[in-house]
Structures are given as C-alpha cells and as structure tokens.
Amino acid sequence: MTEYFSKIPEIKFEGEESTNPFAFKFYDESKKVLGKSMKEHLRFATCYWHTFTWPGLDPFGGQTFDRPWMQAGDEMKMAKMKLDAAFDFFTKIKTPFFCFHDRDISPEGSNYAETQKNFFHIIDLMEQKINDSGMKLLWGTANAFSHKRYMSGASTNPDPEVFAYKAAQVKDCMDATMRLGGQNYVLWGGREGYETILNTDMTKETANLQRFLELVVNYKHKIGFKGQILLEPKPHEPTKHQYDFDSATCLAFLRKAGLENEIKLNVEVNHATLSGHNFEHEIAYATSNSALGSIDINRGDTLIGWDTDQFPNNPADLIMSFYFIFKNGGLGQGGMNFDAKIRRQSIDAEDLFHAHIGGMDVCAKTLIAVEKLLNDNVIPKFIEDRYEDWNKNLGQFIHNKDTGLDDINKKVIDDNIEPEPRSGRQEYLENILNKYL
Ligand code: XUL
Ligand code: CO
C-alpha cells in the first residue's frame, strides 16, 4: 500500500440521496440492467497514461501535478512506485479493467535492449499485481508517437529503421498483453499521417501502414493471441492529416488491405467530435458494419478546438451511442476505457477519484436510461416503421439482383409512382428522448 491514496476510502454505491463525494450515486456494480450486471455491461477501465503519467502540461505551461513517482532520479524506482499507486487506485475505484502503453509503465533505456529489459521487469511485477488483485487488462498498446524518433511517423516514416523500431516495440507489447490476459490490443496511429504533401509520398506511406497492420495480424495468429486487434480512429492531432481519420476511413482502409475481418475499431468520443461527427455517428457507423470493438470514453469542449479528453459528464452526449451499443448486444470483449484526464488545476489525489466516480456514474445513469428507451420501444419502433416499405414489393423489387435501372424506370411509369414527402418528426423524437434523460 502506497501513501498517496491512503486517505481515500474504497468507493462504494450509496445511491442518489447520498451526499458523500466518495460514493457512487448510480453505479451499482451488481445491479441488473438489460439482463446483466452494470459491471458486466460497462466493463470500465482506468487508463494508466492520463491518470498516473500525464503531469498536467498544456501548450503554455509545464507540470502542475506533483505525484511522488514523478520525482527526478532512478526512473525504474519511480516506475515501481507508480505501479504500486496504480494498483491501489484500481482496487479503490474498482474499475474491473485497466489499459496501458509500454512507455507509461517503464522508461526507455540507452538502447532498445535496455528498454525491453525495463519493460519486462515491470511486466513481471504487474503480472504479480494482477494475480493478487483480480484486476484485468482491457488492452495494451505501444507508444510510438512521443519520442522524437517518431516525429515523422512510425510505420509511415520515410526511414525504414523507424518502422522497424516501432515493430520491435509492438511485438514486445503484444507478448506482454497476451501474458497478462489482455482482452484486446489497440493501435492508435499517433503520428501516422503527415504535415505537408510537399515532402510526403502518400502511396508509400499508406502501403507501409498496411504492411504494418499485416505484420500485427500475422503475429497475433502466430502467438495464438485470442484478443481483438483494434484500430483507434482520430482525425487530427498530432499530425494535420491522419490516415485513420474516422470510422469510415479506417474501415475503407481495412477493406482495401483485406483485414476487415481481423481488425475492429476502438472508437473515442473526443476523436469523433474532432472529426466533425458526434460520438453516436461514429458508433452507429461501426455497429452497422459489425466493426465495433471497444470505446474510449471521454468528452471534448465545444469552445476549445483540441482534444481536451475530459471525463464524460452528460448522459445526453452518450445516450444514442449507448443505444446503438446495447441494442447490438453490448461491448463483447471490449470495454469503456476512461481515456480522460483531469484538468491541470485539479492537482490533488482525490481529484482523480472525483473524476472517475463522476464518469462511472454518468455512464451508469445513461445505461439505465437506455434500458428504458429500449424497453419502451418508441424510438426503435419509429425508426423501424420509417423504413418498413423496404420490406414490401417495391423495396424487394429494387433489391432483386435481376432488376436493372431500366426495369425501375419502367415501373415508375407503369405504376404511376409519385412519392409523397413524409415528416421526419425530429422534434417529436427529441421530446421523447428528453423523457429518458
Ligand atoms: C490519443 C489517444 C490514445 C490512444 C492510445 O488521442 O486516444 O491515448 O487511446 O494510444
Ligand atoms: Co484513446
């Protein structure tokens, strides 16, 4: 047990009436909703990078957080202190899962062999912690974007040595993820994109990105990793043009590579909004293509144009995404990872708890609302009815493979087809949705 979180109690469910800031008001892990416990449905994960590693930087200022494991000195000693603190935090907040990047948990050495040694030393300790605590790994991933070697991309770098370096990192991280029982392995592009076409061979870069994805999938099968491989779309940041812009772009890329049955998507709220969509659009696109793997749950700020990665705080922002997720059977092997950071003025240990308690409660509240929305069946039925003519004669005629454009042309004339516009009833539906919030 580390000192850092020692004053904070284990967080328990106390219900809506509770005024205890260190208690859940809605997240009751054993409560049954839509046939399963909240814990089984929501599959929350704490992320290592924002919660324990991020020091509170912004573009105009440096570190604001003063965690004991952020002191200068022996980096491996700090990594172990961070590991102890992380597992104390997990066991108090009780997200059943966590996620990490290789560089969140252990420092680089003076060459890759030393980096690898550091990494597997911490993985050994982490394995022990997992066995002792019952915590589970939702996913592992490699950080191939922070170090300056990756400034021009990782697998899309003009230099094959950089590609090889990333491949070495990913191999180790996949091995570690499998050893720790990880249920998924995530690939966020990081700097897989470009700043200016003046120095960029897009054909070569995207072919190399495809090669990298093939290598990952082949290695998954070689080692017998049973987890899902997930690509995480993001439109901008760090590079101006990212090759993995949104769900549709990623799926088109995967289909061209012939990998659509091997790789699914990890969809993130603030990435959706940065791409000019909302979260529900990105989730609906993924679910309607059977490509949803997992989600990174957070939020942006409508007044700030970058990836603020705040904790979710409004069921209205999540309800339709949850509707698509739970209408389609839930998250499966995926989960809800709080890829979210507290504000840089929230400098105390307890602020980390307030953030996660709030996020978990908001998701629980949204899940309860979605159960009602699905059971009342007003909105789902409205959508079904709106398209019901597709099940009738004309719809079937259009979809018949023997029907041609000329046949449809003839039918319009023969049957004197004159479509009557019908209301989309948006405001009526918005009023209904409001009842659940
Ligand atoms: C970056 C982001 C990453 C990925 C993992 O915006 O979301 O934290 O989730 O590399
Ligand atoms: Co993310």
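Residues numbered from 1 in each chain as written. Chains lettered and ligands numbered in written order. Predicted model: local features only at pLDDT ≥ 70, side-chain atom pairs only at ≥ 80, totals over all residues. Heavy atoms only, no water.

If you walk through the whole model with that rule in mind, you get 27 aromatic pairs. For the ring pair Tyr4 and Phe5, a centre distance of 5.0 Å and an interplane angle of 65° mean the geometry is edge-to-face. Here Tyr194 and Tyr243 contribute two aromatic rings whose centre-to-centre distance is 6.1 Å and whose plane-to-plane angle is 35°, an arrangement assigned as tilted. Of this pair, Tyr194 sits in strand S9 (residues 193-194) while Tyr243 sits in the loop between strand S11 (241-242) and helix H8 (247-256), placing them 49 residues apart in sequence. Comparing Tyr194 with Tyr243 shows no difference in burial state: the two are buried. Joined through ring pairs, the aromatic side chains of Tyr4, Phe5, Tyr48, Phe52, Trp69, Phe87, Phe89, Phe90, Phe98, Phe100 and Phe353 make up one cluster. Above the ring of Phe212, the side-chain terminus of Lys166 is found at 4.0 Å from the ring centroid. (Phe/Tyr/Trp six-rings, centres within 6.5 Å; stacked < 30°, edge-to-face > 60°. Helix = DSSP H or I, 4+ residues; strand = E, 2+ residues; numbered from the N terminus. Buried < 20%, exposed > 50% of the residue type's maximum accessible area, 1.4 Å probe, protein only. Lys NZ or Arg CZ within 6 Å of the ring centre and 35° of its normal.)

Let us now look at the site of ligand 1. Taken together, Trp49, His101, Trp139, Trp188, Glu232, Lys234, Glu268, His271, Asp296, Asp307 and Asp339 form the complete shell of residues around ligand 1. His101 places a polar side-chain atom, nitrogen or oxygen, 2.7 Å from an oxygen atom of ligand 1. Here ligand 1 has 290 Å² of accessible area as a free molecule, and 94% of this is covered by the chains. Taken together, the residues that form the shell around ligand 1 break down as three nonpolar, two polar and six charged. (Near = heavy atom within 4 Å. Polar contact = N/O pair within 3.5 Å; in protein donor to acceptor, adjacent residues only side chain to side chain. Areas by Shrake-Rupley, 256 points an atom, 1.4 Å probe, with all protein chains shown as cover. Nonpolar A, V, L, I, M, F, W, Y, C, P; charged D, E, K, R; others polar.)

Each neighbour pair has its own omega, and for Glu237 with Pro238 the value is 0°, a cis peptide bond. Mapped onto the secondary structure, Pro238 falls in the loop between strand S10 (228-232) and S11. For Glu237, which is not a glycine, the phi torsion comes out positive at approximately 65°. Position of Glu237 relative to the elements: it lies in the loop between S10 and S11. For Arg425, which is not glycine, the phi dihedral falls at a positive 55°. In this fold, Arg425 is placed in the loop between helix H15 (405-414) and helix H16 (426-435). Classification of Arg425 by relative accessible area gives partly exposed; the value is 45%.

Moving on: the side chain of Asp309. Relative to the assigned elements, Asp309 resides in the loop between strand S13 (292-296) and helix H11 (315-327). Side chain to side chain, Asp309 and Asn298 meet in a polar contact 2.9 Å long. Look past the residues within four positions of Asp309 in its chain and what remains in contact with it is His50, Glu268, Asn270, Asn298, Arg299, Asp339, Ala340, Lys341 and Arg343. (Contact = heavy atoms within 4.5 Å.)

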